[in-house]
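One-letter residues, chain by chain:
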Amino acid sequence: MSIPASTSTPFTRSSPPPPSPPQPPLFSQSAANTNPSDHRRRFSFKSSQNNNSNSPVEVATASWTSSIAHHCRNGRLSEAVLQFTRMRDSGVEPNHITFVTLFSACAHFPSKGLLLGPSIHGYARKIGLDVNNVMVGTACMHLKGEVYPRRGFHSMQKDGFDPDSVSFTGALTACSHAGLVDEGIKLFKTMRKVHRITPRIEHYGCIVDLYSRAGRLKEALVVVKNMPMKPNEVVVGSLLAACRNFDDVGLAERLMKYIYDLDPSGDFNYVLLSNIYAAKGSWRGASNVRKTMKDRGVQKKPGISSIEVNGILNRFGAGDKSHADAESIYEMLEYLSEELTVCGYDFEVNLHDFF
């Protein structure tokens, strides 16, 4: 493929987690008819009464969890797990925020999470939090999705089963998310030379994503140029997304010219390029992208999230309050944002603007 040349330069408080919402509707009719202030009293962390009623046990759990979260945020997963062990040895029981913090950290560092995650999950299962708390259960599912495909791939080979192309896709994806570039490349070579499986476009896409996530954009570009089939917008788009993460505006501009030939009406990559310019403070570049979109008749599609509840699909757009249970939904969102903030998550936007 020919790439055109560049043209321009933890904290738990006394109010318990709310019960899982009835379905459908997302909230019961009685809840929908409740005075909004009742919801706020139920979900708010800011009540002075709640602050004054924290028991010594809750305060101790919050202190230990805060220390664990500090290690996790700074990439010290082993220290975080050691602190978790000390917490239990001191007689302080972890809560749901403790486990969410640890599971999320294990998912972000899969090579270590593969070793440390199972024991943490075992303890969560022992005290019933992996199935009785939706936040813990979700974090545990995310952890398994990140670290266990690679383990399953190697176990399958040890048991005498030959992996197929789908198995390699899962294993290569796991290596990409774990940052295991050398192991991923080794698997890709083994796929062709040992198992005689001809790589398809999804396998080349995994290798492009593997290099892109590791910041090795030149090597990712070499793969895109030399792959035996024409790359699609997904393959090139993953490299474009990496250009934003690693501030490579020049490569992003070159890729956009190629992406337009692949998907003339696609809006996502234009928006991504505009964000790349904005992140670099190049407002003229961002403005030119919007002008190009207008000239070519490309319109930005509104982002939509959806959830299926008892066979009914509920859709939500950014800032959308048209849902019948919107008020209760936003109350729940505020509650969850408070919990995430306590865990140390730093939001890119101010969620309170939506409440």
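Everything below is about the structure shown above.
Fair warning: this is a prediction, and the values are worked out from it, not measured in the lab.

### Structural notes on the packing of aromatic side chains
Reasoning step 1: With the rule as written, the count across this model stands at 5 aromatic pairs.
Reasoning step 2: Taking 5.8 Å as the distance between ring centres and 70 degrees as the angle between the ring planes, the aromatic pair formed by Phe 84 and Phe 99 counts as edge-to-face. Within this pair, whereas Phe 84 is found in helix H5 (residues 77-89), its partner Phe 99 is found in helix H6 (residues 96-108), the two being separated by 15 residues in sequence.
Reasoning step 3: Residues Phe 188 and Tyr 204 carry aromatic rings whose centres are separated by 5.4 Å and whose planes lie at 70 degrees to one another, so their mutual orientation is edge-to-face. Here Phe 188 is found in helix H11 (residues 181-193), whereas its partner Tyr 204 is found in helix H12 (residues 201-213), with 16 residues between them in sequence.
Reasoning step 4: Using a relative accessible area of 8% as the deciding quantity, one classes Phe 188 as buried.
Reasoning step 5: Cluster of aromatic residues (ring-pair linked, three or more members): Phe 84, Phe 99, Phe 103 and Tyr 123.
Reasoning step 6: Over the aromatic face of Tyr 330 sits the side chain of Lys 321, whose NZ or CZ is 5.3 Å from the ring centroid.

### Considerations on the nonpolar core
Reasoning step 1: Ranked by size, the top nonpolar core spans 47 residues in total, and within it Ile 207, Leu 239, Leu 240 and Leu 255 carry the most contacts.
Reasoning step 2: Sorting the residues of this core by element identifies helix H10 (165-178), H11, H12, helix H13 (217-226), helix H14 (233-245), helix H15 (249-262), helix H16 (268-279) and helix H17 (283-295) as the ones contributing at least two each.
Reasoning step 3: With 7 residues, H15 is the largest single contributor of residues to this core.
Reasoning step 4: Ranked by size, the runner-up nonpolar core spans 24 residues in total, among them Ala 80, Ile 120, Tyr 123 and Val 136.

### So, the environment of Tyr 277
Reasoning step 1: Relative to the helices and strands, Tyr 277 resides in helix H16.
Reasoning step 2: Within the local environment of Tyr 277, its side chain forms a polar contact with the side chain of Glu 253, the two groups lying 2.4 Å apart.

Reading the values: the criteria
- Counting restarts for each chain, with residues numbered from 1 along the sequence as it is written.
- Thresholds applied to this predicted model are a pLDDT of at least 70 for local features of residues and 80 or more for the giving and counting of side-chain atom pairs; totals over whole chains, interfaces and linings are not thresholded and use all residues.
- Note: side-chain values were computed over all heavy atoms of the structure, leaving out hydrogens and water.
- Note on ring pairs: Phe, Tyr and Trp rings are taken, using the six-membered ring of Trp, and paired if centres are within 6.5 Å. Classes follow the plane angle, with under 30 degrees stacked, over 60 edge-to-face and the rest tilted.
- Each helix corresponds to a stretch of at least 4 residues labelled H or I by DSSP, and each strand to a stretch of at least 2 residues labelled E; elements are numbered beginning at the N terminus.
- Only protein chains enter the accessibility calculation, which uses a 1.4 Å probe; a residue is then buried when its area is under 20% of its type maximum, exposed when over 50%, and partly exposed in between.
- For a ring to carry a charge above it, either NZ of a lysine or CZ of an arginine must fall within 6 Å of the ring centroid while also lying within 35 degrees of the normal to the ring plane.
- Take the buried residues of types Ala, Val, Leu, Ile, Met, Phe, Trp, Tyr and Cys, join any two whose side-chain atoms come within 4.5 Å, and each joined set is a nonpolar core.
- A 3.5 Å cut-off defines polar contacts: any pair of N or O atoms within that distance qualifies, except that in protein one atom must be a possible hydrogen donor and the other a possible acceptor, and neighbouring residues in sequence count only when both atoms are side-chain atoms.

Shape is all these values report; function is a separate question.
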